[in-house]
Amino acid sequence: MLKLYPNYEKSLINLSSSILKEFGIECRYGTLRRVDKLFREEKYKNIVVLFYSGLGTRMLDRNLEENSFLLTNRMSDLTSVFPSTSVSATTSFLSAKSPYEHGILGENMYFNDLGKTVNVITGCVNGTDEVISKEFLKENLGYESIIDKINATGENKAYGIFPFGIGAYESRDEAYNRILNLSKNSGKKLIYAYFEEPNYSIRDNGIIKDKAHDEIVKIEEETKKLCSELQDSIIFITADHGNVNCSPIVLKEHSLMYELIDKTFYIENRCVGIKVKEEYKEKFRTLFEEKLGDYFLLMNYNEAIDNKMFGDGIEHKYLKDLPCDFIAVSVDKYYLVNEENDSICMASCSGLTEKEMLVPLIVVKKKPFKDGIRRVIESDYKVVFEILADCHKFMYRNRKDIFMAGPNFSRSEFNNYCDKNKPDTCYVYTISDEIVGLIRIKYNMLVGYSKFTSFSYIEIENIYVKEEYRGRGIGTELVNYVILLAKKRRVKRVEFCAWHFDKKTAKFIEKFSSRVLTKIFEIDSF
């Protein structure tokens, strides 16, 4: 397998540093030049970060087509931090600090002044029900996040959306709805959302199983839909790490080496601290590199620091408390266990393979809608439905023998209008992003001929402008837009129909040239 070391000039930390810079906040780490350039070229009201755990670069390449939404919008790749764990990587991004500075390497952390190993997620001492106080953990592991820093300026806003803690979301759909609602708030803001999939599916089933594939395809569909609905936003999609399918190596089976070990400390599955009996350190290293050197990189603490594996900066006070003489990091598919019946995992992270360390930087730019005409998008459904309901009520009042009280207009039918590959659609006219008018069209054809030929014709099914905006030429612009569309597609005929009782629409139709527009006024043969 290819080895990949963390690059703290092109990592998740540098992405958060670029975001802080855009909000006018100083950061110690360097920024990403290409991201800085995007911020210089266009100013966005919303900076949205979607953080999918386990969605590494190689997982995307394996599971999605080249022309997929996520792959076509991938700007570059970044490295995770070391160790490439969810806890360490997300803390690094949110703090804009390296693991060397924030001190959190994985779920398990040893506190020398307590003499105990604590799971930093649950707050419990490992192997017991003892809970360490939140105050102790906050005092010793707390940090000011990029969300805190942005909010502290008083000029802009930042929001975090998580599946745990106070205000946790219950489903990704709920999280996406929160993102959309927050994006509509006034002012410049950061919206950060963290998702635990596809990591759980990969960890439990392996990277090549259907469950993992289906989850990634679902994320592809969800992010595409979310991005289509966001406005005036730049969206960054990335991950904390990738994963690799793995198999255990049982230390106890290597008896000569195992006898030299005092204890092991699991930072994560593929990154293990090893405490050796004092007089056997050199002998242990020799045996380990002879037996397992092809599969693991063995470092002592000073070697890891000298090589800046954890990054640099001001060393966190608990980092040196690691209860080990060596750190064994996987560079192949294997991970270490003490005994054969120790916990088994299908796939994992925290090693130094490219599959684990490389994460995508996907960028989607959504400029604000300008006043004028555009095709509908999925988030327009409620407004469009209400407008068509008003149109239908007008027709029902005049001809109850023909029309039903409400419109027969389903969500699936509307979704077809949003699909650029479908000819029938609806265009809206917006002012300050408010829909004030619409025109709904349908393509028809003579029997035996294809759409988009001179034998096809466009039927204008509905046109509507809100009463307070009438008299400004909006309806005329909408009809002329459809006529121009017909000409571009070489459709020779546009049909605009008005019921005999709809005098205003009948009069409106008379504005347009009969050479292009077929005018039918008396449609009352029922």
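Figured I'd write up the structure that's included with this text. All figures in this text were calculated on a predicted structure; none of them were measured in a lab. (Residues numbered from 1 in each chain as written. Predicted model: local features only at pLDDT ≥ 70, side-chain atom pairs only at ≥ 80, totals over all residues. Heavy atoms only, no water.)

Bringing the environment of Lys-21 into the picture now. Looking at where Lys-21 falls in the secondary structure, it is placed in helix α1 (residues 12-22). Accessibility expressed as a relative area gives 47% for Lys-21, which makes it partly exposed. Each C-alpha atom, one on Lys-21 and one on Thr-31, is 8.0 Å from the other, the two residues being ten residues apart in sequence. Apart from the residues within four sequence positions on either side, Lys-21 is in contact with Thr-31 and Asp-36. (Helix = DSSP H or I, 4+ residues; strand = E, 2+ residues; numbered from the N terminus. Buried < 20%, exposed > 50% of the residue type's maximum accessible area, 1.4 Å probe, protein only. Contact = heavy atoms within 4.5 Å.)

Quick look at the nonpolar core now. Core analysis: the biggest nonpolar cluster contains 91 residues, and Leu-50, Phe-93, Ile-179 and Phe-236 have the highest contact counts within it. The residues touching Ile-179, leaving out its near neighbours within four places in the chain, are Val-48, Leu-50, Ile-161, Ile-191, Ala-193, Leu-226 and Leu-230. (Core = buried A, V, L, I, M, F, W, Y, C linked by side-chain atoms within 4.5 Å.)

Scanning the entire structure with this criterion turns up 23 aromatic pairs. On the basis of an interplanar angle of 70° and a centroid distance of 5.9 Å, the ring pair of Phe-39 and Phe-236 is categorised as edge-to-face. With Phe-39 in helix α2 (residues 33-41) and Phe-236 in strand β7 (residues 233-238), this pair connects stretches of sequence that are 197 residues apart. In this pair, the class of Phe-39 matches that of Phe-236, namely buried. Chaining the aromatic ring pairs together yields one cluster made of Phe-51, Phe-93, Phe-162, Phe-164, Tyr-192 and Tyr-194. (Phe/Tyr/Trp six-rings, centres within 6.5 Å; stacked < 30°, edge-to-face > 60°.)

The geometry of α1 relative to helix α5 (residues 86-95) is characterised by a closest axis approach of 7 Å and an angle of 25° between their N-to-C directions. Considering their axes alone, α1 and α5 lie roughly parallel with respect to each other. Seen from above, α1 lies across α5 with right-handed handedness. Residue-level contacts link Leu-12, Ile-13, Leu-15, Ser-16 and Ile-19 of α1 to Ala-89, Ser-92 and Phe-93 of α5. Classifying every residue of the contact of α1 with α5 by side-chain character gives six nonpolar, two polar and no charged. (Axes fitted to C-alpha atoms, helices over the stretch in contact; angles between N-to-C directions. Parallel < 35°, antiparallel > 145°, perpendicular 65-115°, else oblique. Left-handed = near helix turned anticlockwise from the far one by under 90°. Nonpolar A, V, L, I, M, F, W, Y, C, P; charged D, E, K, R; others polar.)

Looking now at the packing of helix α9 (residues 172-183) against helix α11 (residues 210-229). Where α9 meets α11, the closest approach of the two axes is 11 Å, and the angle between their N-to-C directions is 20°. If you check the angle between α9 and α11, you find them roughly parallel. Judged by the sense of rotation from one axis to the other, the crossing of α9 with α11 is right-handed. On the side of α9, the interface is formed by Arg-172, Tyr-176, Ile-179 and Leu-180, while α11 contributes Glu-215, Lys-218, Ile-219, Glu-222, Leu-226 and Glu-229. Taken together, the residues of the contact of α9 with α11 sort by class into five nonpolar, no polar and five charged.

Our focus in this paragraph is the sheet that holds strand β1 (residues 46-52). Through backbone hydrogen bonds, the strands of a sheet pair up, either in parallel or in antiparallel fashion. Taken together, six strands build an open sheet; the order of strands is β2-β16-β7-β1-β6-β5 and the sheet is mixed. Edge positions in the sheet fall to β2 (74-79) and β5 (157-161), since each of these pairs with one other strand and no more. Taken pair by pair, the neighbouring strands of this sheet meet at an average axis angle of 15°, ignoring direction. Bridging between β5 and strand β6 (residues 189-195) involves five bridges; their strand directions are parallel. Opposite Tyr-159, over in β6, you have Ile-191 as the bridge partner. Lying on the sheet, α5 is in contact with β1 and β6; it crosses β6 at an angle near 180°. (Pairing = 2+ DSSP bridges.)

The next point concerns the sheet that holds strand β11 (residues 271-276). Reading across from one edge, β10-β11-β13-β12 is the order of the four strands in this open sheet, with antiparallel pairing throughout. Edge strands, defined here as strands with exactly one partner in the open sheet, are β10 (261-268) and β12 (296-300). Between one strand axis and the next, the sheet turns by 25° as a mean value, whatever way the strands run. Of the strand pairs in this sheet, β12 and strand β13 (residues 326-330) are connected by five bridges, and their pairing is antiparallel. Note on β13: the bridge partner recorded for Leu-298 is Ala-328. Across the face of the sheet, helix α13 (residues 281-292) comes into contact with β10, β11, β12 and β13 while running at roughly 165° to β12.

A few words on the pattern of salt bridges. Taken as a whole and assessed by the stated rule, the structure comprises 31 salt bridges. The salt bridge involving Glu-354 is made with Arg-58; its shortest N-O contact spans 3.2 Å. Of this pair, Glu-354 sits in helix α15 (residues 354-357) while Arg-58 is found in helix α3 (residues 57-63), placing the two residues 296 residues apart along the sequence. Across the pair Asp-204 and Arg-203 runs a salt bridge, and its minimum N-O distance is 3.6 Å. Taken together, the salt bridges that share partners define one network made up of Arg-58, Asp-61, Arg-74 and Glu-354. (Salt bridge = Lys/Arg side-chain N within 4 Å of Asp/Glu carboxyl O.)

Inspection of the entire model under this criterion finds zero disulfides. In this structure Cys-246 is not part of a disulfide, and its nearest cysteine sulfur, from Cys-345, lies 3.7 Å away. Not engaged in a disulfide, the cysteine Cys-391 finds its nearest cysteine sulfur in Cys-426; these two sulfurs lie 9.8 Å apart. (Disulfide = S-S within 2.5 Å.)

Turning to its location among the elements, Thr-264 is positioned in strand β10. Polar contacts involving the side chain of Thr-264 include one to the side chain of Asn-338, which spans 2.9 Å. Beyond its immediate stretch of four places on either side in the chain, Thr-264 contacts Leu-251, Val-272, Gly-273, Ile-274 and Asn-338. (Polar contact = N/O pair within 3.5 Å; in protein donor to acceptor, adjacent residues only side chain to side chain.)

Moving on to the environment of Lys-149. When you line up the elements, Lys-149 lands in helix α8 (residues 146-152). On a C-alpha basis, the gap between Lys-149 and Tyr-417 in space is 42 Å, while along the polypeptide they are 268 residues apart. Setting aside residues up to four positions removed in sequence, Lys-149 forms contacts with Leu-20, Ile-25, Ser-95 and Glu-144.

With 18 residues, helix α16 (residues 381-398) extends 26 Å from end C-alpha to end C-alpha; this agrees with the ideal 26 Å at 1.5 Å per step. Three or more residues of α16 are buried, namely Tyr-381, Val-384, Ile-387, Leu-388, Ala-389, Cys-391, His-392 and Met-395. Summarising the contacts, the buried residues of α16 are in contact with α17 (411-418), β18 (425-431), β19 (434-445) and β20 (456-465). (Expected span 1.5 Å × (residues − 1).)

Of the residues making up α2, those classed as buried are Val-35, Asp-36, Leu-38 and Phe-39. Projected onto a plane normal to the axis of α2, the buried residues spread over an arc of 155° and lie on a single side. Structural note: α2 exposes Arg-33 and Arg-40 on the side pointing more than 90 degrees away from its buried face. In this structure, the buried side of α2 is in contact with α1, β1, β2, β7 and β16 (358-366). (Arc of directions from axis to C-beta.)

Purely spatial values, then, with no claim about function.
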